[in-house]
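Now for the letters of each chain:
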Amino acid sequence: MKLAFSTLGVPALPIEQVVRLAVEHGFHGVELRANAEEPVNTGLSAAEREAVVAEFGKAGVEILTVAAYAKVAAPGDDEPVLADLRANLQLAADLGAPFVRVFPGGGELPAEEADLYAARRLAAVAPDAARLGVKVLLETHDSHATGADAARIMGLVGHGSVGVIWDVMHTWRGGEQPSESYPVLAPHLGYVQVKDIASAEDTTPLPLGEGVLPLAETVEVLSRGDWDGWLCWEYEKRWYPQVAELPELLTPARQHLSQLLASSA
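Quick summary incoming for the structure in this document.

Definitions and cut-offs
- Residues numbered from 1 in each chain as written.
- Predicted model: local features only at pLDDT ≥ 70, side-chain atom pairs only at ≥ 80, totals over all residues.
- Heavy atoms only, no water.
- 1 Å grid on protein atoms, 1.4 Å probe; cavity = no way out; pocket = protein on both sides within 12 Å on 5 of 7 lines; lining within 4 Å.
- Points joined across faces, edges and corners; volume = space filled by probe spheres on them.
- Helix = DSSP H or I, 4+ residues; strand = E, 2+ residues; numbered from the N terminus.
- Nonpolar A, V, L, I, M, F, W, Y, C, P; charged D, E, K, R; others polar.
- Buried < 20%, exposed > 50% of the residue type's maximum accessible area, 1.4 Å probe, protein only.
- Contact = heavy atoms within 4.5 Å.
- Phe/Tyr/Trp six-rings, centres within 6.5 Å; stacked < 30°, edge-to-face > 60°.

### Some details on empty space enclosed by the protein
Rolled over the atoms, a probe with the dimensions of a water molecule shows which regions are left empty. Taken as a whole and judged by the stated rule, the model has two cavities of 30 Å³ or more. If you add up the space inside the largest cavity, you get close to 50 Å³. What lines the largest cavity is simply Thr 7, Val 10, Leu 13, Ile 15, Val 18, Leu 32, Arg 33, Glu 38, Pro 39 and Val 40. At the level of elements, helix H1 (15–25) and strand E2 (29–33) are the ones that each hand at least two residues to the lining of the largest cavity. Partitioned by chemical class, the residues of the lining of the largest cavity number seven nonpolar, one polar and two charged. What lines the second largest cavity is Lys 195, Asp 196, Ile 197, Thr 203, Pro 205, Trp 233, Glu 234, Tyr 235 and Glu 236. In terms of residue class, the lining of the second largest cavity is made up of four nonpolar, one polar and four charged.

### Considerations on helix H8 (residues 215–224)
Of all the residues in H8, the buried ones are Leu 215, Thr 218, Val 219, Val 221, Leu 222 and Ser 223. Buried residues along H8 sit against strand E6 (162–167), helix H6 (168–173), helix H7 (178–185), strand E7 (189–194), strand E8 (230–233) and helix H9 (247–264). Of the residues trailing H8, Asp 226 is marked for its positive phi of about 55 degrees.

### A look at the packing of aromatic side chains
Evaluation of the coordinates by the stated rule reveals five aromatic pairs. Between Phe 99 and Tyr 191, the ring centres sit 5.7 Å apart and the planes meet at 35 degrees, which makes this aromatic pair tilted. Taken as a pair, Phe 99 in strand E4 (residues 99–103) and Tyr 191 in strand E7 lie far apart in primary sequence, 92 residues in all. Using a relative accessible area of 0% as the deciding quantity, one classes Tyr 191 as buried.

Coordinates in, geometry out; function isn't part of it.
Take a look at the structure:
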């Protein structure tokens, strides 16, 4: 499996420094948070996009994902959501990223209604994704926190250019163990987000291996399934500014994940 980290852990850090961190700490790729406050977003010019590609390319680091913020299950008009999705799909294609991350965001809607919102919008952009060679990945999150929740939407969409990001924290907090999440997500799995927290109630990010999340079990399940994709560490420094800085934690995180992989082999 390849290892990546999310720029959610280094808010607004210039791209050349992000790339340097990946190289220095032995990560193969980076999940790029695509937001107006970040150096990579849909407002970049063609020349700026080319510069980002060049920066990653010369270092041999992969851009794993454009982590966008469209909420595909949220109530409201489809067009703003579709426009956001298509802009981020084009950004990912220009950067050579294989994936665009989206959220459910269904809020308090009945599950069936939220599922239909998400399925309709994802199906609408699936041909665009296929044309661009990019895959849209729905993260297990908020209204659709579990593997079972996300799999319902995948069943309605039924398109190879739409899949899932397995955020281990949300499926676990939703009551699923890794052995339950993986089988329903496996046919649709783009990659896995790992993190660690103190408890289901306290989601303040911790260094990998210092919390309660079932990371060893997750890696074991993936290994038994012969899954060889990406593990991406999402350290939510942007939302918890009081926690330790990410750079000092990157090498211990890589070592911890490498140990889990070796133990599961």
